[in-house]
Amino acid sequence: AQSVTQLGSHVSVSEGALVLLRCNYSSSVPPYLFWYVQYPNQGLQLLLKYTSAATLVKGINGFEAEFKKSETSFHLTKPSAHMSDAAEYFCAVRGGQNFVFGPGTRLSVLP
Amino acid sequence: DTGVSQDPRHKITKRGQNVTFRCDPISEHNRLYWYRQTLGQGPEFLTYFQNEAQLEKSRLLSDRFSAERPKGSFSTLEIQRTEQGDSAMYLCASILAGASNTGELFFGEGSRLTVL
């Protein structure tokens with residue numbers, strides 16, 4: 001079975017500061033991992049995905065994530081936060097045909 | 001590619017009424033998923049279809065919930081005798097499932113249900 005934990009339900013950063021959103025997973029098979037972003041009253045949009053190629057994955061809007069098997073982690077980072085990054089972020093793991101999502105982290109960006 | 005579309009976007013109903021949501025996936029996608037998302041939570045899996053066949057259902061999908069995908073294209077999710085606990089965002093997602101298992105889900109905008 002697969003599961004995802006996201007440490008920190010709410011993260012606040014100042015504009016221009018580093019963004020770090022944490023994700024740890026549990027999977028009985030080699031995982032495929034995803035980060036999605038959700039803006040209010042909208043669906044989820046893919047930021048990036050890990051599919052067993054490069055461990056450092058670059059996504060849209062300047063985000064990237066690093067897969068660390070030894071730590072079972074897939075943390076999301078962005079060097080410099082922008083006001084438009086304020087949203088809900090979800091980490092997900094695919095095992096077989098199902099996708100399991102974490103509880104999400106709400107990112108606030110302060111001016 | 002017009003994306004995944006869901007209708008209606010918002011539905012307010014009284015407890016005990018039936019509601020139906022529709023999802024039109026990306027046209028070439030053969031697999032369709034339904035998720036439920038409550039406030040401050042991540043999406044929870046409800047069910048998925050491969051073409052017209054419903055292959056898996058979550059225990060969250062009580063007998064008041066039924067989903068169909070009759071021709072392997074659009075899908076409907078019906079909730080009978082709605083309860084206040086059914087208030088949530090219902091998300092539909094689709095994917096082209098094939099030899100490659102690295103694909104991601106494409107989500108619609110969701111249908112928000114409020115049960116009074």
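Check the entry above for the structure.
Cut-offs used in this document
- Residue positions are counted from 1 within each chain, in the order its sequence is given.
- Chain letters and ligand numbers both follow the written order, the letters beginning at A and the numbers at 1.
- The predicted nature of this model means local features are confined to residues of pLDDT at least 70 and side-chain atom pairs, given and counted, to a pLDDT of 80 or more, with totals for whole chains, interfaces and linings taken over all residues.
- The basis for every side-chain value is the complete set of non-hydrogen atoms in the structure, without hydrogens or water.
- Strand pairing requires that DSSP identify at least two bridges connecting the strands.
- Helix and strand assignments follow DSSP, with helices taken as H or I runs no shorter than four residues and strands as E runs no shorter than two, numbered in order from the N terminus.
- Only centres within 6.5 Å qualify two rings of Phe, Tyr or Trp (six-membered ring in Trp) as a pair; their planes then separate them into stacked at under 30 degrees, edge-to-face at over 60, and tilted for everything else.
- Exposure is judged per residue with a 1.4 Å probe applied to protein chains only, and the accessible area is read against the type maximum: over 50% gives exposed, under 20% gives buried, and values in between give partly exposed.
- Two conditions define a charge sitting above a ring: the NZ of Lys or the CZ of Arg must be within 6 Å of the ring centre, and it must be within 35 degrees of the ring normal.
- Polar contact is defined as a pair of N or O atoms within 3.5 Å, subject to the rule that within protein one atom must be able to donate a hydrogen and the other to accept it, and that residues adjacent in sequence are counted only when both atoms are side-chain atoms.
- The contact criterion used throughout is that any non-hydrogen atoms of two residues lie within 4.5 Å.
- Here a cavity denotes grid points, spaced 1 Å and computed from the protein atoms alone, that fit a 1.4 Å probe unable to get out, and a pocket denotes an open set having protein on both sides within 12 Å along at least 5 of 7 lines; residues with an atom within 4 Å of a point are the lining.
- Grid points are joined across faces, edges and corners, and a volume is the space filled by probe spheres set on the points.
- When residues are grouped by polarity, Ala, Val, Leu, Ile, Met, Phe, Trp, Tyr, Cys and Pro land in nonpolar, Asp, Glu, Lys and Arg in charged, and all others, Gly among them, in polar.
- Note on terminology: pairs of cysteine sulfur atoms within 2.5 Å are recorded as disulfides.
- By buried area we mean the combined loss of accessible area, with a 1.4 Å probe, across both parts when two parts are placed together.
- Whenever Lys or Arg places a side-chain nitrogen within 4 Å of a carboxyl oxygen from Asp or Glu, that contact is recorded as a salt bridge.

Engineer: Sorry if this is basic, but what is going on with the pairing of strand β11 (residues 98-101) of chain A here?
Structural biologist: Regular strands have side chains that alternate between both faces of the sheet. With four bridges joining them, strand β10 (residues 87-95) of chain A and β11(A) adopt antiparallel strand pairing. Paired with A:Gly95 across the two strands is A:Asn98, which belongs to β11(A).

Engineer: Explain the packing of aromatic side chains to me, please; I cannot follow it from the model alone.
Structural biologist: The description of an aromatic ring pair uses the distance of the two centres, along with the angle that the planes make with each other. Throughout the structure, instances matching the rule amount to 19 aromatic pairs over all chains. Between B:Tyr33 and B:Tyr35 the ring centres are 6.3 Å apart and the planes differ by 20°, which places this aromatic pair in the stacked class. Given the relative accessible area of 0%, B:Tyr33 is considered buried. Here B:Tyr35 falls in the buried class, since its relative accessible area comes to 0%. Between B:Tyr33 and B:Tyr48 the ring centres are 5.0 Å apart and the planes differ by 20°, which places this aromatic pair in the stacked class. Of this pair, B:Tyr33 sits in strand β4 (residues 31-37) while B:Tyr48 sits in strand β5 (residues 44-50), and the two are 15 residues apart along the sequence. B:Tyr48 matches B:Tyr33 in its accessibility class, with the two residues each being buried. Through a chain of ring-to-ring contacts, the aromatic side chains of A:Phe34, A:Tyr36, A:Phe99, A:Phe101, B:Tyr33, B:Tyr35, B:Phe45, B:Tyr48 and B:Phe107 assemble into a single cluster. If you follow B:Arg22 out to its NZ or CZ, it ends over the ring of B:Phe74, 3.9 Å from the centre.

Engineer: Is there a simple way to think about the side chain of B:His29 in this case?
Structural biologist: Residue and element names in this part refer to chain B. By the secondary structure assignment, His29 is in the loop between β3 (19-24) and β4. Here the side chain of His29 touches Ile95 through a polar contact of 3.2 Å, landing on its backbone nitrogen. Setting aside its immediate chain neighbours within four residues, His29 contacts Arg69, Ser94, Ile95, Leu96 and Phe106.

Engineer: Explain the layout of surface pockets to me, please; I cannot follow it from the model alone.
Structural biologist: The gaps of empty space that remain are located by a probe, the size of a water molecule, rolled over the atoms. If you add up the space inside the largest pocket, you get close to 360 Å³. Lining the largest pocket are 20 residues, with A:Gln38, A:Pro40, A:Asn41, A:Glu88 and B:Leu39 positioned closest to its centre. Of all the elements in the fold, those that place two or more residues in the lining of the largest pocket are β10 and β12 (105-110) of chain A together with β9 (88-95) of chain B. The element contributing the most residues to the lining of the largest pocket is β10(A), with three residues. Tallied by class, the residues present in the lining of the largest pocket amount to nine nonpolar, eight polar and three charged.

Engineer: Please explain the state of the cysteines as it appears in this structure.
Structural biologist: Throughout this description, disulfide means a covalent bond between two cysteine sulfur atoms. By the definition in use, this model includes two disulfides over all chains. Residue A:Cys23 pairs covalently with A:Cys91 via a disulfide, S to S 2.0 Å. What sets the handedness of the A:Cys23 and A:Cys91 disulfide is the S-S torsion sign, and at about -60° it is left-handed. Of the two residues, A:Cys23 sits in the loop between β3 (19-21) and β4 (24-26) while A:Cys91 sits in strand β10, which places them 68 residues apart along the sequence. The same class applies to A:Cys23 and to A:Cys91, which are both buried. Two residues share a disulfide in this structure: B:Cys23 and B:Cys92, whose sulfurs sit 1.9 Å from each other. Taking the sign of the S-S torsion, about -70° here, the bridge from B:Cys23 to B:Cys92 comes out left-handed. In this pair, B:Cys23 sits in strand β3 while B:Cys92 sits in strand β9, placing the two residues 69 residues apart along the sequence. Judged by relative accessible area, which is 0%, B:Cys23 ranks as buried.

Engineer: Is there a simple way to explain the interface of chain A and chain B in this structure?
Structural biologist: It is common to report an interface's size as the accessible area lost on association of the parts. Opposite the 19 residues of chain A that make contact, chain B presents 24 residues. Both sides of the chain A and chain B interface together cover about 1,800 Å² of buried area, and 48% of this is carbon and sulfur. Inspection of the region where chain A meets chain B yields one salt bridge. For the side of chain A that touches chain B, the secondary structure elements donating two or more residues are β5 (32-38), β6 (44-50), β10 and β11 of chain A. Of the residues forming the side of chain A that touches chain B, the biggest block, four residues, is contributed by β5(A).

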